[in-house]
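Architecture at a glance
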Amino acid sequence: MLSVLAELPLALGPRWLDPDFLIKTFGLAGILAIVFVESGLLVGFFLPGDALLFTAGLLSSTGKLPALEILLVTIPIAAIAGDQVGYMIGRKSGPAVFNKPDGRLRRAHVDKTREYFERYGPRTVLIARFVPIVRTFVPVMAGVGQMRYRTFVTYNVLGGIGWGIGVTTLGYYLGRVDFVRANIELIIVGVVLLSWIPIVIELTRARRRVRAAPAQLPADQQAS
């Protein structure tokens, strides 16, 4: 049964997006690299950040990864550093990146991120850390919008620590539960499935907005 369930992530996406595969293949260095890329580099929006941290904590509890204390120090540092790089990308070249003519889907993600900024203001940097896809675009958008650097750093540090410690610790302590230990493959599959739900929802909404865009143009623009 578990061998069948363990193949579910492969049906949802390529094997290299399976957190268990990534951790077993690249270890702690791979975890930190993925967290860094997903946190601030635009190409990392599809990476499984939440599932990766949860799985890292879970495997740490079984001794397959370094002690929890090491994860709780290194993961937040990687997350904070990734956001810092994303902010600098936004300050220096954000408009050029976002205005590419072939970036319709990317534009949809940017629009979603802008909604978060309008709703939460600078706190978006903290809140979006817990929202897949959006957390990748927020630091870049903060740079594009010339957010005060000190303000950005404050919320970036708070968000990186809260996300990195919170999700990893949750995985660690659940991994110490007998039921979880006995069904570790099933739990990992469940986490992967849950982490993909918001991503699928966001991508579906983005595609709908892209398809609906021509219908929202004035009639004279559509004709031209």
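Residues numbered from 1 in each chain as written. Predicted model: local features only at pLDDT ≥ 70, side-chain atom pairs only at ≥ 80, totals over all residues. Heavy atoms only, no water.

Let's shift gears to the nonpolar core. Core analysis: the largest hydrophobic core is formed by 25 residues, its most contacted members being Ile23, Ile31, Val35, Leu52 and Leu58. Broken down by element, this core gets its largest block of residues, 7 residues, from helix H4 (residues 49-61). Not counting residues up to four positions away in its chain, the partners in contact with Leu52 are Pro19, Leu22, Ile23, Ile31, Ile34 and Val35. Listed in part, the 17 residues of the second largest apolar core include Val131, Ala142, Met147 and Phe152. (Core = buried A, V, L, I, M, F, W, Y, C linked by side-chain atoms within 4.5 Å. Buried < 20%, exposed > 50% of the residue type's maximum accessible area, 1.4 Å probe, protein only. Helix = DSSP H or I, 4+ residues; strand = E, 2+ residues; numbered from the N terminus. Contact = heavy atoms within 4.5 Å.)

Per the stated rule, a full pass over the model turns up 3 salt bridges. Note that Glu38 and Arg135 form a salt bridge whose closest N and O atoms lie 3.1 Å from each other. Remark: Arg135 occurs in helix H8 (residues 134-144) and Glu38 occurs in helix H3 (residues 19-40); sequence separation between them is 97 residues. Accessibility expressed as a relative area gives 1% for Glu38, which makes it buried. For Arg135, a relative accessible area of 3% corresponds to the buried category. With a shortest N-O distance of 2.9 Å, Arg129 and Asp83 are connected by a salt bridge. On the criterion of sequence distance, the pair formed by Arg129 in the loop between helix H7 (124-127) and H8 and Asp83 in helix H5 (residues 68-98) is long-range, its members being 46 residues apart. According to the relative accessible area criterion, Asp83 is buried, its value standing at 2%. A single salt-bridge network, built from bridges that share partners, covers Glu38, Asp50 and Arg135. (Salt bridge = Lys/Arg side-chain N within 4 Å of Asp/Glu carboxyl O.)

For the rest of this paragraph, the subject is the packing of H3 against H8. The N-to-C vectors of H3 and H8 enclose an angle of 60°; their axes lie 5 Å apart at closest approach. Taken together, the axes of H3 and H8 lie oblique to each other. Only Arg135, Thr136, Pro139 and Val140 of H8 make contact with H3, whose side of the interface consists of Glu38, Ser39 and Gly40. For the contact of H3 with H8, a count of residues per class yields 2 nonpolar, 3 polar and 2 charged. (Axes fitted to C-alpha atoms, helices over the stretch in contact; angles between N-to-C directions. Parallel < 35°, antiparallel > 145°, perpendicular 65-115°, else oblique. Nonpolar A, V, L, I, M, F, W, Y, C, P; charged D, E, K, R; others polar.)

Across all of its chains, the model carries 3 aromatic pairs by this definition. The interplanar angle of 55° and the centroid separation of 5.5 Å between the aromatic rings of Tyr87 and Tyr149 together place this pair among those described as tilted. In this pair, Tyr87 is assigned in helix H5 and Tyr149 in helix H9 (residues 149-174), connecting sequence segments 62 residues apart. Judged by its relative accessible area of 1%, Tyr87 is buried. Taking the relative accessible area as the measure of exposure, Tyr149 reaches 41% and is therefore partly exposed. With 5.2 Å between their ring centres and 85° between their planes, Tyr172 and Tyr173 make a pair best called edge-to-face. Relative accessible area serves as the criterion here: at 48%, Tyr173 is assigned to the partly exposed category. By way of ring pairs, the aromatic residues Tyr87, Tyr149 and Phe152 are connected into one cluster. (Phe/Tyr/Trp six-rings, centres within 6.5 Å; stacked < 30°, edge-to-face > 60°.)

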